[in-house]
Amino acid sequence: MSVVASVNEAAQISAAAQALAEGKLVAFPTETVYGLGADAENPEAVARIYAAKGRPSNHPVIVHVAPEADIRYWVKEIPAEAEKLIAAFWPGPLTFILKRADHIPDAVSGGQDTVGIRCPSHPVAMALLRAFKDGKGGVAAPSANKFGHVSPTMAAHVIEEFEQEVQAGGPIAYVLDGGQSEVGIESTILDLSRLATHGPVLLRPGHITADQLASVLGVVPASPDAAAPRASGTLDAHYAPHTPVVQVAANELDDVVQQLQAKGQRLALMSYQAHPAIHTDAWRHLPADPAGYAHDLYAGLRELDHADADVILVEALPQEKNWQGVNDRLRRAAFDSQDVLRQLLAS
Ligand code: TXA
Ligand code: MG
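This text gives an overview of the structure that appears in the document. Because the structure is predicted, anything quoted here is derived from the model rather than measured. (Residues numbered from 1 in each chain as written. Chains lettered and ligands numbered in written order. Predicted model: local features only at pLDDT ≥ 70, side-chain atom pairs only at ≥ 80, totals over all residues. Heavy atoms only, no water.)

**Notes on the nonpolar core**
Core analysis: the biggest nonpolar cluster contains 46 residues, and Leu36, Val65, Leu85, Leu94, Phe96 and Leu213 have the highest contact counts within it. No other element matches helix H2 (residues 43–53), which puts 5 residues into this core. Those residues in contact with Val65, other than ones at most four positions away along the chain, are Ile71, Trp74, Trp90, Ile117, Arg118, Cys119, Pro120, Leu129, Gly137 and Gly138. Listed in part, the 27 residues of the second largest apolar core include Val33, Met270, Ala307 and Leu330. (Core = buried A, V, L, I, M, F, W, Y, C linked by side-chain atoms within 4.5 Å. Buried < 20%, exposed > 50% of the residue type's maximum accessible area, 1.4 Å probe, protein only. Helix = DSSP H or I, 4+ residues; strand = E, 2+ residues; numbered from the N terminus. Contact = heavy atoms within 4.5 Å.)

Okay, structure coming up:
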(Lines give C-alpha, C1' and ligand atoms only; values in the text may rest on other atoms or scores of the structure.)
(Ligands and ions follow the chains in the order given, each with its own letter.)
Protein backbone atom coordinates (compact mmCIF):
# COMPACT_ATOMS: atom_id res chain seq x y z
CA MET A 1 0.00 0.00 0.00
CA SER A 2 1.25 3.46 -0.67
CA VAL A 3 0.14 6.70 0.84
CA VAL A 4 -0.08 9.62 -1.50
CA ALA A 5 0.81 12.75 0.40
CA SER A 6 0.59 15.29 -2.37
CA VAL A 7 -2.82 14.71 -3.86
CA ASN A 8 -2.88 17.38 -6.50
CA GLU A 9 -0.62 15.57 -8.85
CA ALA A 10 -2.62 14.27 -11.78
CA ALA A 11 -0.30 11.28 -12.14
CA GLN A 12 -1.18 10.05 -8.66
CA ILE A 13 -4.89 10.52 -9.17
CA SER A 14 -4.73 8.63 -12.44
CA ALA A 15 -2.72 5.80 -10.88
CA ALA A 16 -5.38 5.49 -8.19
CA ALA A 17 -8.17 5.56 -10.81
CA GLN A 18 -6.32 2.84 -12.73
CA ALA A 19 -6.07 0.71 -9.57
CA LEU A 20 -9.85 1.04 -9.12
CA ALA A 21 -10.38 -0.05 -12.72
CA GLU A 22 -8.25 -3.14 -11.97
CA GLY A 23 -10.54 -4.11 -9.11
CA LYS A 24 -8.29 -2.85 -6.32
CA LEU A 25 -9.36 -0.72 -3.36
CA VAL A 26 -8.50 2.96 -2.96
CA ALA A 27 -9.16 4.94 0.22
CA PHE A 28 -9.90 8.57 -0.56
CA PRO A 29 -10.93 11.75 1.26
CA THR A 30 -14.42 13.18 1.01
CA GLU A 31 -15.78 16.30 2.70
CA THR A 32 -17.66 14.08 5.21
CA VAL A 33 -15.29 11.21 6.11
CA TYR A 34 -12.75 9.07 4.23
CA GLY A 35 -14.20 6.34 2.02
CA LEU A 36 -12.86 2.91 1.08
CA GLY A 37 -13.60 2.74 -2.64
CA ALA A 38 -14.02 0.05 -5.28
CA ASP A 39 -15.48 -0.11 -8.78
CA ALA A 40 -19.24 -0.26 -8.10
CA GLU A 41 -19.77 -2.37 -11.22
CA ASN A 42 -17.26 -5.03 -10.23
CA PRO A 43 -18.87 -7.37 -7.64
CA GLU A 44 -15.51 -8.96 -6.76
CA ALA A 45 -13.99 -5.57 -6.01
CA VAL A 46 -17.02 -4.61 -3.91
CA ALA A 47 -16.67 -7.94 -2.04
CA ARG A 48 -13.10 -6.89 -1.14
CA ILE A 49 -14.49 -3.83 0.67
CA TYR A 50 -16.82 -6.01 2.74
CA ALA A 51 -13.97 -8.39 3.57
CA ALA A 52 -11.59 -5.58 4.57
CA LYS A 53 -14.20 -3.89 6.75
CA GLY A 54 -15.61 -7.08 8.26
CA ARG A 55 -19.01 -5.84 7.19
CA PRO A 56 -22.06 -8.09 6.65
CA SER A 57 -22.69 -8.47 2.91
CA ASN A 58 -26.36 -7.51 3.13
CA HIS A 59 -25.45 -3.93 4.07
CA PRO A 60 -25.61 -1.69 0.99
CA VAL A 61 -22.84 0.77 0.10
CA ILE A 62 -23.11 4.25 -1.41
CA VAL A 63 -22.10 4.78 -5.06
CA HIS A 64 -20.06 7.97 -5.56
CA VAL A 65 -20.21 9.74 -8.90
CA ALA A 66 -18.51 12.71 -10.57
CA PRO A 67 -20.41 16.02 -10.82
CA GLU A 68 -20.87 15.55 -14.59
CA ALA A 69 -22.09 11.95 -14.28
CA ASP A 70 -25.46 11.02 -15.72
CA ILE A 71 -27.17 9.42 -12.72
CA ARG A 72 -29.86 8.10 -15.04
CA TYR A 73 -27.37 5.28 -15.68
CA TRP A 74 -27.68 4.11 -12.06
CA VAL A 75 -31.35 4.56 -11.25
CA LYS A 76 -34.75 3.63 -12.69
CA GLU A 77 -36.06 7.17 -12.53
CA ILE A 78 -35.08 10.53 -11.11
CA PRO A 79 -37.99 12.10 -9.25
CA ALA A 80 -38.41 15.89 -9.42
CA GLU A 81 -37.56 16.00 -5.70
CA ALA A 82 -34.11 14.55 -6.44
CA GLU A 83 -33.52 16.99 -9.28
CA LYS A 84 -34.24 19.99 -7.07
CA LEU A 85 -32.06 18.70 -4.24
CA ILE A 86 -29.21 17.89 -6.62
CA ALA A 87 -29.35 21.45 -7.96
CA ALA A 88 -29.27 22.80 -4.40
CA PHE A 89 -26.77 20.53 -2.64
CA TRP A 90 -24.53 18.57 -5.08
CA PRO A 91 -21.63 18.22 -5.06
CA GLY A 92 -22.01 17.86 -1.31
CA PRO A 93 -22.78 15.75 1.76
CA LEU A 94 -26.19 14.42 0.67
CA THR A 95 -26.97 10.83 -0.39
CA PHE A 96 -30.17 9.73 -2.13
CA ILE A 97 -31.71 6.27 -2.00
CA LEU A 98 -33.40 5.66 -5.36
CA LYS A 99 -34.76 2.66 -7.26
CA ARG A 100 -31.77 0.91 -8.80
CA ALA A 101 -31.44 0.33 -12.55
CA ASP A 102 -31.70 -3.37 -13.47
CA HIS A 103 -28.12 -3.73 -14.69
CA ILE A 104 -26.56 -2.45 -11.42
CA PRO A 105 -25.08 -5.40 -9.51
CA ASP A 106 -26.76 -6.69 -6.36
CA ALA A 107 -23.45 -6.38 -4.51
CA VAL A 108 -23.64 -2.60 -4.08
CA SER A 109 -27.18 -2.62 -2.77
CA GLY A 110 -26.97 -5.55 -0.39
CA GLY A 111 -29.67 -7.26 -2.45
CA GLN A 112 -32.17 -4.38 -2.10
CA ASP A 113 -33.88 -2.93 -5.18
CA THR A 114 -32.47 0.52 -4.44
CA VAL A 115 -29.10 2.23 -4.74
CA GLY A 116 -27.51 4.92 -2.57
CA ILE A 117 -25.93 7.64 -4.71
CA ARG A 118 -23.86 10.69 -3.84
CA CYS A 119 -21.62 13.25 -5.51
CA PRO A 120 -18.94 14.37 -3.03
CA SER A 121 -17.45 17.87 -3.12
CA HIS A 122 -13.91 17.19 -1.87
CA PRO A 123 -11.52 18.18 -4.69
CA VAL A 124 -9.55 14.93 -4.42
CA ALA A 125 -12.73 12.83 -4.52
CA MET A 126 -13.97 14.78 -7.53
CA ALA A 127 -10.63 14.42 -9.33
CA LEU A 128 -10.58 10.67 -8.67
CA LEU A 129 -14.17 10.23 -9.89
CA ARG A 130 -13.44 12.27 -13.01
CA ALA A 131 -10.35 10.19 -13.76
CA PHE A 132 -12.04 6.82 -13.15
CA LYS A 133 -13.61 5.42 -16.36
CA ASP A 134 -13.56 8.92 -17.89
CA GLY A 135 -15.95 10.17 -15.22
CA LYS A 136 -18.61 7.64 -16.20
CA GLY A 137 -17.93 5.12 -13.47
CA GLY A 138 -19.24 4.82 -9.95
CA VAL A 139 -17.10 4.22 -6.89
CA ALA A 140 -18.78 2.18 -4.16
CA ALA A 141 -17.44 3.46 -0.86
CA PRO A 142 -18.43 3.00 2.73
CA SER A 143 -16.51 4.88 5.38
CA ALA A 144 -12.93 3.57 5.57
CA ASN A 145 -13.15 1.97 9.00
CA LYS A 146 -13.76 -1.48 10.42
CA PHE A 147 -17.46 -2.30 10.73
CA GLY A 148 -19.06 -0.48 13.68
CA HIS A 149 -15.95 1.56 14.49
CA VAL A 150 -15.42 5.34 14.37
CA SER A 151 -15.27 6.77 10.82
CA PRO A 152 -11.93 8.24 9.69
CA THR A 153 -11.58 11.96 9.03
CA MET A 154 -7.85 11.87 8.22
CA ALA A 155 -5.60 9.61 6.13
CA ALA A 156 -3.74 8.62 9.32
CA HIS A 157 -7.02 7.25 10.73
CA VAL A 158 -7.47 5.03 7.67
CA ILE A 159 -3.97 3.63 8.08
CA GLU A 160 -4.62 3.06 11.79
CA GLU A 161 -7.86 1.16 10.95
CA PHE A 162 -6.23 -1.08 8.36
CA GLU A 163 -2.79 -1.51 9.92
CA GLN A 164 -2.86 -5.29 9.59
CA GLU A 165 -3.95 -5.16 5.96
CA VAL A 166 -1.10 -2.72 5.31
CA GLN A 167 1.46 -5.07 6.82
CA ALA A 168 0.07 -8.02 4.92
CA GLY A 169 0.22 -6.06 1.66
CA GLY A 170 -3.57 -6.20 1.51
CA PRO A 171 -6.01 -5.15 -1.18
CA ILE A 172 -5.80 -1.40 -0.53
CA ALA A 173 -3.67 -0.03 -3.37
CA TYR A 174 -3.65 3.62 -2.27
CA VAL A 175 -4.69 5.84 0.60
CA LEU A 176 -5.10 9.34 -0.86
CA ASP A 177 -4.39 12.05 1.69
CA GLY A 178 -6.64 15.09 1.33
CA GLY A 179 -6.24 16.58 4.79
CA GLN A 180 -8.91 16.62 7.50
CA SER A 181 -12.50 16.16 6.28
CA GLU A 182 -14.32 19.47 6.49
CA VAL A 183 -17.75 18.19 7.63
CA GLY A 184 -16.55 15.35 9.86
CA ILE A 185 -19.73 13.23 10.04
CA GLU A 186 -21.23 11.03 7.31
CA SER A 187 -23.58 12.40 4.65
CA THR A 188 -27.25 13.04 5.22
CA ILE A 189 -29.20 10.10 3.70
CA LEU A 190 -32.61 10.78 2.17
CA ASP A 191 -34.79 7.94 0.92
CA LEU A 192 -36.65 8.96 -2.24
CA SER A 193 -37.40 5.40 -3.35
CA ARG A 194 -40.90 5.23 -1.87
CA LEU A 195 -42.21 8.74 -2.57
CA ALA A 196 -45.72 7.70 -3.57
CA THR A 197 -46.38 5.87 -0.32
CA HIS A 198 -44.03 7.45 2.25
CA GLY A 199 -42.77 10.74 0.85
CA PRO A 200 -39.12 11.67 1.45
CA VAL A 201 -37.68 9.87 4.51
CA LEU A 202 -34.58 11.03 6.39
CA LEU A 203 -32.60 7.83 7.05
CA ARG A 204 -29.49 9.45 8.50
CA PRO A 205 -29.25 13.07 9.70
CA GLY A 206 -26.13 15.01 8.79
CA HIS A 207 -24.59 18.36 7.96
CA ILE A 208 -27.41 19.12 5.51
CA THR A 209 -30.28 19.42 7.95
CA ALA A 210 -33.94 18.38 7.76
CA ASP A 211 -34.83 22.09 7.65
CA GLN A 212 -32.55 22.69 4.66
CA LEU A 213 -34.11 19.74 2.84
CA ALA A 214 -37.60 21.00 3.75
CA SER A 215 -36.82 24.44 2.36
CA VAL A 216 -36.22 22.87 -1.06
CA LEU A 217 -38.82 20.07 -0.90
CA GLY A 218 -41.62 22.11 0.61
CA VAL A 219 -42.24 19.28 3.12
CA VAL A 220 -40.29 18.14 6.17
CA PRO A 221 -38.82 14.67 5.50
CA ALA A 222 -40.36 11.91 7.61
CA SER A 223 -38.51 9.84 10.20
CA PRO A 224 -37.72 6.22 9.27
CA ASP A 225 -40.65 3.80 9.57
CA ALA A 226 -40.37 0.05 10.18
CA ALA A 227 -40.29 -0.68 6.43
CA ALA A 228 -37.62 1.93 5.65
CA PRO A 229 -34.54 0.61 3.77
CA ARG A 230 -31.91 -0.87 6.03
CA ALA A 231 -28.85 1.23 6.75
CA SER A 232 -25.92 0.02 8.85
CA GLY A 233 -25.21 3.56 10.04
CA THR A 234 -28.63 3.40 11.62
CA LEU A 235 -27.85 0.40 13.83
CA ASP A 236 -28.14 1.18 17.55
CA ALA A 237 -24.46 0.51 18.18
CA HIS A 238 -22.20 2.11 15.59
CA TYR A 239 -19.46 4.72 15.23
CA ALA A 240 -18.01 3.47 18.54
CA PRO A 241 -14.45 3.63 19.89
CA HIS A 242 -13.07 0.61 21.81
CA THR A 243 -13.32 2.42 25.17
CA PRO A 244 -16.92 2.62 26.43
CA VAL A 245 -18.55 6.01 25.85
CA VAL A 246 -21.01 7.43 28.39
CA GLN A 247 -23.06 10.58 27.86
CA VAL A 248 -23.54 12.67 30.98
CA ALA A 249 -25.71 15.77 31.41
CA ALA A 250 -23.64 18.92 32.00
CA ASN A 251 -25.08 19.48 35.47
CA GLU A 252 -24.26 15.90 36.56
CA LEU A 253 -20.74 15.81 35.17
CA ASP A 254 -18.97 17.05 38.28
CA ASP A 255 -20.74 14.51 40.48
CA VAL A 256 -20.19 11.55 38.10
CA VAL A 257 -16.49 12.41 37.72
CA GLN A 258 -16.03 12.52 41.50
CA GLN A 259 -17.83 9.22 42.05
CA LEU A 260 -15.85 7.41 39.34
CA GLN A 261 -12.53 8.87 40.50
CA ALA A 262 -13.33 7.77 44.04
CA LYS A 263 -13.55 4.23 42.61
CA GLY A 264 -10.11 4.61 41.03
CA GLN A 265 -11.37 4.84 37.45
CA ARG A 266 -9.23 6.45 34.75
CA LEU A 267 -11.37 9.01 32.96
CA ALA A 268 -11.33 10.73 29.58
CA LEU A 269 -13.69 13.64 29.01
CA MET A 270 -15.03 15.30 25.89
CA SER A 271 -16.94 18.50 26.47
CA TYR A 272 -18.04 21.58 24.55
CA GLN A 273 -18.20 23.81 27.61
CA ALA A 274 -15.33 24.67 29.93
CA HIS A 275 -15.43 22.83 33.26
CA PRO A 276 -12.54 24.40 35.17
CA ALA A 277 -13.33 22.46 38.35
CA ILE A 278 -13.12 19.05 36.65
CA HIS A 279 -9.79 17.28 36.17
CA THR A 280 -9.64 14.02 34.24
CA ASP A 281 -6.75 11.93 32.90
CA ALA A 282 -7.47 13.05 29.34
CA TRP A 283 -9.65 15.84 28.07
CA ARG A 284 -10.77 17.13 24.71
CA HIS A 285 -12.59 20.46 24.37
CA LEU A 286 -14.74 20.63 21.22
CA PRO A 287 -16.27 23.73 19.60
CA ALA A 288 -19.68 24.75 20.96
CA ASP A 289 -21.40 24.92 17.55
CA PRO A 290 -22.76 21.90 15.60
CA ALA A 291 -20.51 22.28 12.52
CA GLY A 292 -17.35 22.80 14.57
CA TYR A 293 -18.27 19.93 16.88
CA ALA A 294 -18.95 17.56 13.94
CA HIS A 295 -15.63 18.52 12.35
CA ASP A 296 -13.68 17.40 15.46
CA LEU A 297 -15.97 14.68 16.86
CA TYR A 298 -14.39 11.52 15.40
CA ALA A 299 -10.80 12.72 15.74
CA GLY A 300 -11.63 13.57 19.36
CA LEU A 301 -13.11 10.13 20.07
CA ARG A 302 -10.05 8.47 18.48
CA GLU A 303 -7.65 10.57 20.52
CA LEU A 304 -9.47 9.80 23.77
CA ASP A 305 -9.67 6.12 22.79
CA HIS A 306 -5.85 6.14 22.97
CA ALA A 307 -5.81 7.63 26.47
CA ASP A 308 -6.06 4.18 28.06
CA ALA A 309 -9.07 5.32 30.08
CA ASP A 310 -11.74 3.06 31.60
CA VAL A 311 -14.44 5.24 30.12
CA ILE A 312 -14.88 8.24 27.84
CA LEU A 313 -17.39 10.65 29.38
CA VAL A 314 -19.10 12.92 26.87
CA GLU A 315 -20.92 16.01 28.02
CA ALA A 316 -24.44 15.64 26.60
CA LEU A 317 -25.20 18.11 23.81
CA PRO A 318 -28.05 20.56 23.33
CA GLN A 319 -31.11 18.83 21.88
CA GLU A 320 -31.91 21.57 19.35
CA LYS A 321 -32.60 20.56 15.74
CA ASN A 322 -29.30 21.80 14.33
CA TRP A 323 -27.47 19.37 16.67
CA GLN A 324 -29.41 16.37 15.27
CA GLY A 325 -26.54 14.96 13.18
CA VAL A 326 -23.94 14.93 15.96
CA ASN A 327 -26.48 13.79 18.55
CA ASP A 328 -27.34 10.84 16.30
CA ARG A 329 -23.66 9.77 16.07
CA LEU A 330 -23.04 10.26 19.80
CA ARG A 331 -26.13 8.27 20.74
CA ARG A 332 -24.82 5.32 18.70
CA ALA A 333 -21.27 5.66 20.05
CA ALA A 334 -22.68 5.67 23.60
CA PHE A 335 -25.48 3.25 22.93
CA ASP A 336 -25.42 1.25 26.18
CA SER A 337 -24.28 4.30 28.16
CA GLN A 338 -26.49 3.91 31.18
CA ASP A 339 -25.63 0.23 31.71
CA VAL A 340 -21.92 0.99 31.43
CA LEU A 341 -22.19 3.82 33.94
CA ARG A 342 -24.13 1.65 36.40
CA GLN A 343 -21.47 -1.06 36.16
CA LEU A 344 -18.62 1.38 36.65
CA LEU A 345 -20.29 2.93 39.67
CA ALA A 346 -21.03 -0.50 41.14
CA SER A 347 -17.50 -1.87 40.61
O1 TXA B 1 -20.53 10.50 3.98
C2 TXA B 1 -20.73 9.35 3.60
O3 TXA B 1 -21.84 8.95 3.24
C4 TXA B 1 -19.53 8.40 3.59
C5 TXA B 1 -18.54 8.87 2.55
C6 TXA B 1 -17.40 7.92 2.35
O7 TXA B 1 -19.20 9.15 1.36
N8 TXA B 1 -19.94 7.06 3.37
C9 TXA B 1 -20.59 6.35 4.29
O10 TXA B 1 -20.80 5.05 3.90
O11 TXA B 1 -20.95 6.78 5.36
P12 TXA B 1 -21.28 3.92 4.91
O13 TXA B 1 -21.34 2.66 4.10
O14 TXA B 1 -20.40 3.88 6.10
O15 TXA B 1 -22.71 4.32 5.24
C16 TXA B 1 -23.63 4.35 4.19
C17 TXA B 1 -25.00 4.15 4.72
C18 TXA B 1 -25.14 2.80 5.35
O19 TXA B 1 -25.87 2.96 6.54
C20 TXA B 1 -25.91 2.03 4.30
O21 TXA B 1 -26.65 0.99 4.86
C22 TXA B 1 -26.75 3.12 3.67
O23 TXA B 1 -25.90 4.20 3.61
N24 TXA B 1 -27.16 2.77 2.33
C25 TXA B 1 -26.42 2.69 1.22
N26 TXA B 1 -27.16 2.26 0.18
C27 TXA B 1 -28.40 2.07 0.65
C28 TXA B 1 -29.62 1.61 0.09
N29 TXA B 1 -29.72 1.25 -1.18
N30 TXA B 1 -30.69 1.55 0.89
C31 TXA B 1 -30.59 1.90 2.19
N32 TXA B 1 -29.48 2.33 2.79
C33 TXA B 1 -28.40 2.41 2.04
MG1 MG C 1 -19.75 3.77 8.01
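**A closer look at helix H8 (residues 210–217)**
Taken residue by residue, H8 has Ala210, Leu213, Ala214 and Leu217 as its buried positions. All buried residues of H8 lie within an arc of 100 degrees about the axis, which places them on one face of the element. Contact partners of the buried residues in H8: helix H3 (80–89), strand E5 (94–99), strand E9 (188–191), strand E10 (201–204) and helix H11 (324–333). Of the residues one or two after H8, Gly218 is the one with positive phi, at around 85 degrees. (Arc of directions from axis to C-beta.)

**Side note on the pairing of strand E2 (residues 25–28)**
The two faces of E2 match: Leu25 and Ala27 on one face and Val26 and Phe28 on the other face are all buried. The sheet contact formed by E2 and strand E8 (residues 172–176) spans 3 bridges and is parallel. For Ala27, the partnering residue across the bridge sits in E8 and is Val175. As paired elements, E2 and strand E3 (residues 35–39) share 3 bridges and run antiparallel to each other. (Pairing = 2+ DSSP bridges.)

**Observations regarding the side chain of Arg194**
Among the structural elements, Arg194 can be located in the loop between E9 and helix H7 (195–198). Of note is the side chain of Arg194, whose polar atom sits 3.0 Å from the side chain of Asp191. A polar atom in the side chain of Arg194 sits 3.0 Å from the side chain of Asp225. Discounting residues that sit within four places of it in the chain, Arg194 has contacts with Gly199, Val201, Asp225, Ala227, Ala228 and Pro229. (Polar contact = N/O pair within 3.5 Å; in protein donor to acceptor, adjacent residues only side chain to side chain.)

**Remarks on empty space enclosed by the protein**
This structure, assessed with the given rule, holds 2 cavities of 30 Å³ or more. In this structure, the second largest cavity encloses a volume near 50 Å³. Contributing to the lining of the second largest cavity are Thr188, Leu202, Pro205, Gly206, Ile208, Thr209, Ala210, Lys321, Asn322, Gln324 and Gly325. When its residues are assigned to classes, the lining of the second largest cavity shows 4 nonpolar, 6 polar and 1 charged. (1 Å grid on protein atoms, 1.4 Å probe; cavity = no way out; pocket = protein on both sides within 12 Å on 5 of 7 lines; lining within 4 Å. Points joined across faces, edges and corners; volume = space filled by probe spheres on them. Nonpolar A, V, L, I, M, F, W, Y, C, P; charged D, E, K, R; others polar.)

**Quick word on the packing of aromatic side chains**
One pass over the full model with this rule turns up 5 aromatic pairs. Ring geometry for Trp90 against Phe96: centres 5.3 Å apart, planes inclined by 45 degrees, an arrangement best described as tilted. Among the aromatic side chains, those forming a connected cluster through ring pairs are Tyr272, Tyr293 and Trp323. (Phe/Tyr/Trp six-rings, centres within 6.5 Å; stacked < 30°, edge-to-face > 60°.)

Keep in mind these numbers describe shape, not what the thing actually does.
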